[in-house]
Amino acid sequence: MSDPIRLLLADDHPVVRSGLRAVLATEPDLEVVAEAATAEQAVALAAQEQVDVVLMDLQFGAGMHGAEATAAITARPDGPRVLVLTTYDTDADILAAIEAGATGYLLKDAPPDELAAAVRTAAAGQSALAPTIANRLIDRIRTPGAALSRREVEVLQLVADGLSNQQISKQLYLSQATVKTHLVHIYDKLGVDSRTAAVATAKTRGLIRR
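Attention here is on the structure that accompanies the text.

So, how was this worked out
- In every chain, residue numbers begin from 1 and rise along the written sequence.
- Reporting of local features is limited, given that this is a predicted model, to residues whose pLDDT is at least 70; pairs of side-chain atoms are given and counted only at 80 or more, and all residues count toward the totals for whole chains, interfaces and linings.
- The basis for every side-chain value is the complete set of non-hydrogen atoms in the structure, without hydrogens or water.
- Lines fitted to C-alpha atoms define the axes, with helix axes restricted to the stretch in contact, and inter-axis angles between N-to-C directions lie between 0 and 180 degrees.
- The way it works is that DSSP assigns letters per residue, a run of H or I at least four long becomes a helix, a run of E at least two long becomes a strand, and they are numbered from the N terminus.
- An angle below 35 degrees is read as roughly parallel, one above 145 as roughly antiparallel, one from 65 to 115 as roughly perpendicular, and any other as oblique.
- With the far helix as reference, a near helix turned anticlockwise by less than a right angle produces a left-handed crossing, and one turned clockwise produces a right-handed crossing.
- Two residues form a contact once any of their heavy atoms are found within 4.5 Å.
- Put simply, Ala, Val, Leu, Ile, Met, Phe, Trp, Tyr, Cys and Pro go in the nonpolar bin, Asp, Glu, Lys and Arg in the charged bin, and everything else, Gly too, in the polar bin.
- A simple rule labels every residue: compare its accessible area, found with a 1.4 Å probe on the protein chains alone, to the largest value its type can have, and call it buried under 20%, exposed over 50%, or partly exposed in between.
- It is the directions from the helix axis to the C-beta atoms whose arc is reported.
- Aromatic pairing here means that ring centres of Phe, Tyr or Trp (its six-membered ring) are within 6.5 Å. Orientation follows from the plane angle: under 30 degrees is stacked, over 60 is edge-to-face, and everything else is tilted.
- Put simply, a charge is over a ring when the Lys NZ or the Arg CZ is close to the ring centre, within 6 Å, and near the line of the ring normal, within 35 degrees.
- In protein, a polar contact means a hydrogen-donor-capable atom and an acceptor-capable atom, both N or O and within 3.5 Å, with residues adjacent in sequence counting only if both atoms are side-chain atoms; elsewhere, any N or O pair within 3.5 Å suffices.
- Pairing between two strands is assigned when DSSP locates at least 2 bridges connecting them.
- Orient the strands so they point away from the viewer; a crossover is then right-handed if the path from the first strand over the helix to the second runs clockwise.
- We define a salt bridge as a contact between a side-chain nitrogen of Lys or Arg and a carboxyl oxygen of Asp or Glu at a distance within 4 Å.

## Thoughts on the packing of helix H7 (residues 150-160) against helix H8 (residues 165-172)
A packed helix pair is summarised by two numbers, namely the angle formed by the two axes and the spacing between the axes. For the pair H7 and H8, interaxial distance at closest approach is 10 Å and the crossing angle is 130 degrees. The orientation of H7 with respect to H8, classified from their angle, is oblique. For the crossing formed where H7 meets H8, the hand is right-handed. On H8, the residues that touch Arg151, Glu154, Val155, Leu158 and Val159 of H7 are Ile168, Gln171 and Leu172. Split into classes, the residues belonging to the contact of H7 with H8 amount to 5 nonpolar, 1 polar and 2 charged.

Structural data, given as structure tokens:
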């Protein structure tokens, strides 16, 4: 019998980690060897422990974001695979995670058997995407002209968070002219003519968080 797939659970909610551990314990070929309550701790443990797959949440409150941790973990040549397990299914989160190097993206309401299958798929180095996530990515490929770019999604999320163009330019290290250009493209793609309408439309379409 081959060695079990060794897992690291990265989530800031103890109840969630406990639930995941209980579900995964029923699978004889899966073994939880470490837990992290912060993204920073997940990066450290992924380097210290012998881990095959990290189940990574995206939101950890203050500090490093799950996508940042994913990028740090996957940047190592011998790093483990990262399977994002989150409640967020917006384009902003999906694109950030995939571009950071995540092997898979699953939502927390996935059935236990789907979770276990995704872990095995990720451990084998293959893409493990929830059906709804896969459909979203396919739609982006089919209609690239209408899809917001990663940077446009970032800008619009910050607009939704109440930041001004000047604040956005400082946070993303862009000129204010570049921010305005991104907004013009966003308005055109969404068929709107104001910041308020752009945010409302993007939230309705699931492009940014509500």
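## Concerning helix H2 (residues 39-48)
Restricting attention to buried positions, one finds in H2 the residues Ala39, Ala42, Leu45 and Ala46. One side of H2 carries all its buried residues, which in axial view fall inside an arc of 120 degrees. Looking at the buried positions of H2, the neighbouring elements they touch are strand E1 (5-10), strand E2 (30-36), strand E3 (53-56) and helix H3 (66-74).

## Focus: the packing of aromatic side chains
Remark: the centre distance and the inter-plane angle together describe each pair of aromatic rings, the angle taken between the planes. Across all of its chains, the model carries 0 aromatic pairs by this definition. The cationic tip of Arg209 hangs over the ring face of Tyr88; the distance from NZ or CZ to the ring centre is 4.9 Å.

## Focus on the side chain of Asp93
Within the element layout of this structure, Asp93 appears in helix H4 (residues 91-100). Polar side-chain contacts of Asp93 include one of 2.8 Å to the side chain of Thr90. Residue contacts for Asp93: discarding those within four places in its chain leaves Leu58, Gln59, His65, Tyr88, Tyr105 and Arg209.

## Some points on the pairing of E1
Burial within E1 is extensive, with 5 of its 6 residues counted as buried. In this structure, E1 lies alongside E2, joined through 6 bridges in parallel fashion. Bridge pairing in E2 places Ile5 opposite Leu30. In this view, the connection linking E1 to its parallel neighbour E2 by way of helix H1 (residues 14-24) has right-handed handedness. Here E1 runs beside E3; their pairing, made up of 4 bridges, is parallel. When the bridges of E3 are listed, Leu7 appears paired with Val53.

## Overview of the pattern of salt bridges
Tallying each qualifying case throughout the model produces 13 salt bridges. Ionic pairing is found between Glu35 and Arg21, a salt bridge with its closest N-O pair at 2.7 Å. Note that Glu35 is positioned in strand E2 and Arg21 in helix H1, a separation of 14 residues in sequence. For Glu35, a relative accessible area of 26% puts it in the partly exposed group. Owing to a relative accessible area of 34%, Arg21 belongs among the partly exposed residues under this scheme. Here Asp57 and Lys108 are joined by a salt bridge, their closest N and O atoms 3.4 Å apart. With a gap of 51 residues between them, Asp57 in the loop between E3 and H3 and Lys108 in the loop between strand E5 (104-107) and helix H5 (112-123) connect regions that are remote in the sequence. Through salt bridges with shared partners, a single ionic network connects Glu99, Arg150, Arg151 and Glu154.

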